[in-house]
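# Topology and contacts: notes
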Amino acid sequence: MPDRELICGPPASGKSRLALERFLGTSGSWLIAPSATMAEHLRNEFARAGAAVRPSQVLTLANYLDRRTDVPAAAPAALVHRLIQEALDRLRPARFEKVARYRGFHQAIADLMNEAPDAPGGDLGTIIHDVERELGARGFALRNARLQTASEGPGTLPKQIVFDGFFSLAQAERKLIESFARRASLSITLPEADAELLRAGFVETRLSGTHRAAATRQFSAPSLDREVEEIARRILEEAARGRPFREMGVILRVREPYASALETVFARFSIPARFYFAGPLIQNPAIAYLGRIVRLMLGGWDHAELLSALRMPVSGIGATAEGDRFDFEARERLPASGLPLPDRAAFLHPFETWPRERLTPIEWSARLKQLRSIVPLPPIEFDRTNIEMCRSVAWGLDAFRETVEESSRAFHRNARLPLEEFWEQVELALTLDRGRMEDRRRNVVHVMDVFEARQWELPLVFVCGLTERHFPQYHREDALIGDAARRRAGLETSADRQRQERFLFELAMTRATETTILSYSRFDEKGDPALRSFFLDGEAPLCGDRVRPTPVRPVSAAANPAIRADALLAELAKIHRSLAPTAIESFLQCPFQFYAGRTLRLRARPAAPRERLDNLLQGTILHRLAAEATRMPLFGPALFDEVFAEECQRARVPDGYRKEAVRLELARNFEAFLRDRQVVIAWESRVEQEFRFALSPILEIRGRIDRLDAGPRAEALVIDYKYSAPDTIRDRARDDKSENFVQAGLYLIAAEEAFELKPAGMLFCGLKKQVTWDGWHAPVRGLEGIGESCTMSRLRGLMDDARQRTLEALDAIGSGKIAPQPADRAKCARCDFRDICRIESEEAARGAGA
């Protein structure tokens with residue numbers, strides 16, 4: 001074996017196997033992998049194989065650099081971004097003026113600094129030199145500088161060093177490897193021979209052919225969601241045949257959008273999986289909660305945002321019955337901001353002075369670490385979900401503490417600064433720094449990107465997302481340094497990256513020892529046809545019908561749910577001894593809607609302030625205006641602004657564009673009502689008339705008539721205002737034959753029995769867009785051309801039908817009928833209880849003949 005060995009060959013040619021033989025052949029050797037997760041995987045593989053390998057022998061270059069006491073510490077990403085921003089502010093290069101504030105531009109400069117061994121010339125080079133100088137003054141350095149320092153220093157090395165899993169080498173990495181090779185035997189695996197290493201004395205060992213020939217299958221799906229569901233189905237199918245989950249893996253080209261979809265679907269199908277991706281720290285629920293609390297402090301304690309933060313389960317208030325009650329109460333008082341905070345948020349009062357203080361970075365670090373006290377650890381229960389939640393919270397709090405401590409080093413030690421400035425640095429670090437909670441479960445499906453997969457071998461591998469622009473990716477020329485300049489600097493160009501896509505596909509294709517399953521979706525998220533990857537030879541067959549998770553416990557679907565206990569039926573009769581016409585129509589529309597709203601008296605979550613000026617409140621405003629205008633016709637036009645302001649103040653509607661737009665629309669509608677002369681009869685008008693009468697010995701009907709016009713011979717014309725468009729009013733008037741229509745008939749009965757008047761008609765008045773009248777009435781002068789002119793027997797028929805339907809509804813209510821059976825399925829979209837009624841289960845039962 002040569003002292004300097006370069007092992008080359010295509011994927012699955014045995015490079016890693018030969019490299020591991022070199023590693024295990026010499027006691028105390030080092031095995032250097034490209035990433036921490038790959039190093040962890042190799043340690044686990046050695047442990048399972050019973051190899052006598054210390055965990056410290058398997059490391060990454062970052063681990064090695066951290067061990068060296070003569071190498072500066074790694075520069076935190078957030079500090080680099082801060083120094084780039086400060087350099088741009090100080091130097092003000094005209095070339096970058098329009099993008100100097102953008103974080104993406106800062107990231108591009110940081111990426112270039114980590115990639116290029118030497119700074120380019122011009123403004124960009126000046127910025128990079130300025131940042132490097134500031135980093136050095138703080139005891140930090142970028143990766144290239146740290147590698148350079150390590151290659152120049154002595155350092156203690158073992159006899160044998162093996163590099164495995166690298167695709168290519170940066171110039172600084174190559175110098176370090178050459179430095180190692182001068183003092184130890186070194187073997188390295190690469191897909192292709194590296195000319196500079198060969199010139200440095202490395203001897204090439206060329207491997208050819210492949211050691212694995214797995215069977216290949218393909219399928220396509222209509223959408224990404226169906227694709228990942230089909231992957232889940234096939235995994236469960238294999239598990240049912242006895243294959244352990246740990247023998248299966250899913251390879252992605254990049255993390256999104258597939259990782260999120262897979263995580264959701266695997267959770268639905270109860271498939272244990274480990275995702276080998278590190279995410280931004282700010283995505284951890286505990287860290288996100290603390291971040292929102294700090295932003296609330298700095299923003300003046302907006303109560304809507306505070307409520308949103310406290311609804312997070314990690315707060316200990318969200319997802320609890322107490323939290324729901326607090327949420328309802330607090331939302332009704334919105335909008336609000338500042339102190340005092342709602343009672344349930346009183347634990348935040350100790351932090352209210354922080355935004356006004358100026359402290360040193362060390363003092364702010366200590367202060368912010370106190371915030372972990374407001375995150376209660378979940379009670380430990382022996383189920384997987386709860387345990388994972390506890391681990392996630394604990395891991396997030398530790399990461400928050402470490403990030404806060406690290407951020408304090410970005411400032412001069414004795415500087416006194418406000419919380420806002422210090423938190424800006426902490427938040428930047430939480431956004432840029434990435435982490436992954438340790439997961440030591442063994443029997444899990446492995447989900448990773450193609451770079452992570454290079455040292456893996458699994459019996460069954462899925463390679464998904466094989467569409468053009470996803471796998472392969474398409475690489476653009478670098479915006480900061482073009483391809484020509486990158487080529488001169490010895491950096492990868494867009495063409496180099498594009499050629500790498502074919503190699504990555506071949507790598508993914510050789511990770512399975514038995515079967516590789518390739519898949520793609522035929523349509524993208526917009527519904528447009530997707531172009532399958534040119535790496536595929538032909539069109540794949542479409543997968544079968546959609547699959548659903550098997551229920552974790554048997555559930556007997558009740559075809560006709562009802563209340564049957566005698567005590568409960570007696571309570572129902574007691575509760576519903578008095579009903580309003582709207583409640584009866586609610587039952588006739590859907591028994592479950594009536595049960596949830598009228599029996600259980602469930603309430604919808606109060607609307608957000610910006611959503612409160614809805615159709616219901618608009619209708620309330622116009623109802624009140626119509627009543628006031630009838631009482632005081634001379635003051636009609638002057639009433640609008642007063643009534644609108646009072647109702648908006650009562651509902652706590654905030655000022656804004658929508659409020660003004662609705663105000664103008666309502667004003668137009670009200671003015672049209674005042675001008676309307678379609679119904680002109682010289683009868684006495686009464687408004688907002690409340691009534692009660694006994695429809696039967698066990699049922700009282702109660703309600704309120706918007707307007708009741710009494711004629712000279714004790715006739716009664718009932719008028720009901722509705723804030724509805726003309727077509728809706730006409731449909732309502734034609735709906736008298738419908739089984740769920742009783743309002744008109746009951747109002748006419750009320751006129752007769754509660755007010756001792758002779759029913760002469762029932763009219764609906766629509767106030768939206770234009771004033772519309774429709775309904776039924778006996779021949780009355782002034783009502784010609786309005787609605788349907790009919791006989792008294794027709795009106796009596798309306799009353800009798802309403803009486804009969806109401807009594808039938810009362811009988812059904814008393815018998816315990818609560819099934820979700822909407823008379824008009826279209827109205828379900830506007831029902832407050834649509835998320836709990838399980839109407840889809842009822843429809844499935846009907847479809848099955850139940």
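Figured I'd write up the structure that's included with this text. (Residues numbered from 1 in each chain as written. Predicted model: local features only at pLDDT ≥ 70, side-chain atom pairs only at ≥ 80, totals over all residues. Heavy atoms only, no water.)

### Side note on the overall build of the chain
- What the chain contains, in helices and strands, is 29 helices and 25 strands.
- The C-alpha radius of gyration of the chain comes to 37 Å, more than 25% above the 29 Å expected for a compact globule of 850 residues.
- Counting only C-alpha atoms and orienting by the principal axes, one finds that the chain spans roughly 120 × 65 × 50 Å.
- The buried share of the chain, taken over its 850 residues, is 50%.
- A separation threshold of at least 6 residues defines the contact pool for the chain, and within that pool the share at least 24 residues apart is 74%. (Helix = DSSP H or I, 4+ residues; strand = E, 2+ residues; numbered from the N terminus. Rg over C-alpha atoms; globule rule 2.2 N^0.38 Å. Buried < 20%, exposed > 50% of the residue type's maximum accessible area, 1.4 Å probe, protein only. Contact = heavy atoms within 4.5 Å.)

### Section: the packing of helix H27 (residues 743-753) against helix H28 (residues 792-814)
- Between H27 and H28, the least distance of the axes is 8 Å, while the angle of their chain directions is 105°. Considering their axes alone, H27 and H28 lie roughly perpendicular with respect to each other. Residues Gly745, Leu746, Leu748, Ile749, Glu752 and Glu753 of H27 form the contact with H28, whose participating residues are Leu795, Arg796, Leu798, Met799, Ala802, Arg803 and Thr806.
- Here the contact of H27 with H28 is composed, by residue class, of 7 nonpolar, 2 polar and 4 charged. (Axes fitted to C-alpha atoms, helices over the stretch in contact; angles between N-to-C directions. Parallel < 35°, antiparallel > 145°, perpendicular 65-115°, else oblique. Nonpolar A, V, L, I, M, F, W, Y, C, P; charged D, E, K, R; others polar.)

### Notes on the sheet that holds strand E11 (residues 273-275)
- One open sheet accounts for 6 strands, arranged E9-E18-E17-E10-E16-E11; its pairing is parallel. The strands lining the two open edges of the sheet, one partner per strand, are strand E9 (215-221) and E11. Direction aside, neighbouring strands of the sheet carry axes that sit 20° apart on average.
- Pairing analysis gives 4 bridges linking strand E10 (residues 248-252) to strand E16 (residues 445-449), with the strands arranged parallel. Counted as the bridge partner of Val250 is Val447 from E16. (Pairing = 2+ DSSP bridges.)

### Here we look at the sheet that holds strand E2 (residues 30-33)
- The strand order across the open sheet built from 6 strands is E3-E2-E6-E7-E1-E8, with neighbouring strands paired in parallel fashion. Sheet topology places strand E3 (58-60) and strand E8 (203-206) at the edges, where each strand pairs with a single neighbour. Strand-to-strand twist of the sheet, defined as the mean angle between neighbouring strand axes without regard to direction, takes the value 25°.
- Bridge analysis of strand E1 (residues 4-8) against E8 gives 4 bridges, and the strand direction is parallel. From the neighbouring strand, Cys8 faces E8, where its bridge partner is Arg206.
- Each of E2 and E3 is contacted by helix H2 (residues 36-49), which is oriented at about 175° to E3, the strand it contacts most.
- Packed onto the sheet, helix H8 (residues 171-181) meets E1, E2, strand E6 (160-163) and strand E7 (185-190) and runs at close to 145° relative to E7.

### A short note on a nonpolar patch on the surface
- A cluster of nonpolar side chains, contributed by Tyr474, Leu531 and Phe534, occupies part of the molecular surface with about 340 Å² of accessible area.
- Position of Phe534 among the secondary structure elements: in the loop between strand E18 (512-521) and helix H20 (566-575).
- By relative accessible area, which is 57% here, Phe534 ends up exposed. (Patch = residues over 30% accessible without salt bridge, like charges linked within 9 Å, V, L, I, M, F, W, Y side chains within 5 Å. Areas by Shrake-Rupley, 256 points an atom, 1.4 Å probe, with all protein chains shown as cover. Salt bridge = Lys/Arg side-chain N within 4 Å of Asp/Glu carboxyl O.)

### Here we look at the state of the cysteines
- Counted under the stated rule, the structure contains 0 disulfides.
- For Cys590, which is in no disulfide, the shortest distance to another cysteine sulfur is to Cys828 and amounts to 6.3 Å.
- For Cys590, a relative accessible area of 9% puts it in the buried group. (Disulfide = S-S within 2.5 Å.)

### Points about the packing of aromatic side chains
- Scanning the entire structure with this criterion turns up 28 aromatic pairs.
- Relative to Phe644, the ring of Phe640 has its centre 5.8 Å away and its plane inclined at 15°; by these criteria the two rings are stacked. With Phe640 and Phe644 both in helix H24 (residues 636-650) and 4 residues apart, this pair spans about one turn of that helix. Summarising the burial analysis for this pair, Phe640 and Phe644 share the class buried. (Phe/Tyr/Trp six-rings, centres within 6.5 Å; stacked < 30°, edge-to-face > 60°.)

### Here's the deal with the nonpolar core
- By size, the foremost hydrophobic cluster in this structure holds 70 residues, and its most contacted members are Leu135, Tyr289, Ile293, Leu348, Leu368, Leu371 and Ile374.
- Residue contributions to this core peak at 9 residues, all from helix H12 (residues 285-299).
- Discounting residues that sit within four places of it in the chain, Leu368 has contacts with Val294, Trp354, Phe400, Val404, Leu419, Phe422, Trp423 and Val426.
- Judged by nonpolar contacts, the second largest core, of 40 residues, contains Leu708, Ile749, Phe755 and Ala802. (Core = buried A, V, L, I, M, F, W, Y, C linked by side-chain atoms within 4.5 Å.)

### Here we look at the environment of Pro606
- With respect to the secondary-structure elements, Pro606 resides in the loop between helix H22 (591-599) and helix H23 (615-631).
- Overall, the relative accessible area of 14% leaves Pro606 in the buried class.
- Between the alpha carbons of Pro606 and Arg333 there is a distance of 9.8 Å; along the sequence they are 273 residues apart.
- Dropping the residues within four chain positions of it, Pro606 is found in contact with Phe328, Arg331 and Glu332.

### So, the pattern of salt bridges
- Using the criterion set out here, one finds 69 salt bridges in the structure.
- A salt bridge links Asp89 to Arg101, with the shortest nitrogen-to-oxygen separation between them at 3.3 Å. Taken together, the positions of Asp89 in helix H4 (residues 77-91) and Arg101 in the loop between H4 and helix H5 (103-115) put the pair 12 residues apart, joining distant regions of the chain.
- Put simply, Arg497 and Glu492 hold a salt bridge, and the shortest N to O gap is 3.8 Å.
- Residue class for Arg497 comes out partly exposed when judged on its relative accessible area of 21%.
- In the salt-bridge network here, residues are joined through shared partners; they are Glu230, Arg233, Arg234, Glu237, Glu238, Arg241, Arg243, Glu247 and Glu514.

### Some thoughts on the packing of helix H21 (residues 581-589) against H22
- One can describe the packing of H21 onto H22 by two numbers: an axis separation of 5 Å at closest approach and a directional angle of 135°. By the criterion of interaxial angle, the relationship of H21 to H22 is oblique. For the pair formed by H21 and H22, the contact residues are Thr582, Ala583, Ser586, Phe587 and Gln589 on the first element and Pro591, Gln593, Phe594 and Arg598 on the second.
- Looking at the contact of H21 with H22 residue by residue, the classes come out as 4 nonpolar, 4 polar and 1 charged.

### A word on helix H25 (residues 657-675)
- Here H25 is 19 residues long and its end C-alpha atoms lie 27 Å apart, about the 27 Å a rise of 1.5 Å per residue gives.
- Of all the residues in H25, the buried ones are Lys659, Val662, Leu666, Ala667, Asn669, Phe670 and Phe673.
- Buried residues in H25 make contact with H23, H24, strand E22 (715-722) and strand E23 (758-766). (Expected span 1.5 Å × (residues − 1).)

### Notes on the pairing of E18
- In terms of residue burial, E18 counts as a mostly covered element, since 8 of its 10 residues are buried.
- The pairing of strand E17 (residues 458-463) with E18 spans 5 bridges and is parallel. Counterpart to Val463 in the pairing with E18 is Leu518.

### Digging into H27
- With 9 of 11 residues buried, H27 is to be regarded as a mostly interior element.
- Turning to H27, its buried residues are Gln743, Ala744, Gly745, Leu746, Tyr747, Leu748, Ile749, Ala750 and Ala751.

### Digging into the side chain of Gln473
- Here Gln473 lies in the loop between E17 and helix H18 (483-488).
- Reaching out from Gln473, the side chain makes a polar contact with the backbone oxygen of His470 at a distance of 2.8 Å.
- Filtering out sequence-adjacent residues up to four positions away, Gln473 remains in contact with Arg253, Val254, Gln498 and Glu501. (Polar contact = N/O pair within 3.5 Å; in protein donor to acceptor, adjacent residues only side chain to side chain.)

### Some thoughts on the side chain of Gln743
- Mapped onto the elements of the fold, Gln743 is located in helix H27.
- Owing to a relative accessible area of 6%, Gln743 belongs among the buried residues under this scheme.

### A look at the environment of Ser407
- Take Ser407: it is sitting in helix H16 (residues 384-407).
- Sequence separation between Ser407 and Trp423 is 16 residues; the distance between their C-alpha atoms is 8.9 Å.
- Among the polar contacts listed, one links the side chain of Ser407 to the backbone oxygen of Thr403, at a separation of 2.8 Å.

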